[in-house]
Amino acid sequence: MAMPRPTAAQFAYGTCTVIFSTLAMLLLSRTSSGPGVAVVAVAALALGLLVALTVPQPRARRVAAVPARRPVADREPVPAARVSAGAGETARGRAA
């Protein structure tokens, strides 16, 4: 089974989380050794992955079912609309 492709929002949130958490952890821990930086980098990547996976996926749109049209014989008659006098035509002229 194939995994769904990540959305742009997942990429953005994950990337920002990795960058900012790496900077914050390096500044707060004040580490400069190789193993310390590696631990911070792995922790930041794990946190970024966690954030990217928790971003909600867009929901699939539901298509509303279109009701089937009734056959022509079952339709109710439509009353005729009143015809109004057109431009330049008067009611008296129309009656004649």
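First, a word on what this report is: a plain description of the structure on this page. (Residues numbered from 1 in each chain as written. Predicted model: local features only at pLDDT ≥ 70, side-chain atom pairs only at ≥ 80, totals over all residues. Heavy atoms only, no water.)

1. Let's talk about helix α1 (residues 8-29)
Residue pairs spaced three or four apart in an α-helix point in one direction, given the helix's 3.6 residues per turn.
Step number 1: In a regular helix each residue adds 1.5 Å, so 22 residues correspond to 32 Å; α1 covers 31 Å between its end C-alpha atoms and thus fits that length.
Step number 2: When α1 is considered as a whole, its buried residues turn out to be Gln10, Gly14, Thr17, Ser21 and Thr22. Viewed along the axis of α1, the buried residues span an arc of 120 degrees, placing them on a single side of the element. Seen from the open side of α1, the exposed residues pointing more than 90 degrees away from its buried face are Ala8, Phe11, Phe20 and Leu27.
Step number 3: Summarising the contacts, the buried residues of α1 are in contact with α2 (34-54).
Step number 4: Backbone geometry just after α1 places Arg30 at a positive phi near 50 degrees. (Helix = DSSP H or I, 4+ residues; strand = E, 2+ residues; numbered from the N terminus. Expected span 1.5 Å × (residues − 1). Buried < 20%, exposed > 50% of the residue type's maximum accessible area, 1.4 Å probe, protein only. Arc of directions from axis to C-beta. Contact = heavy atoms within 4.5 Å.)

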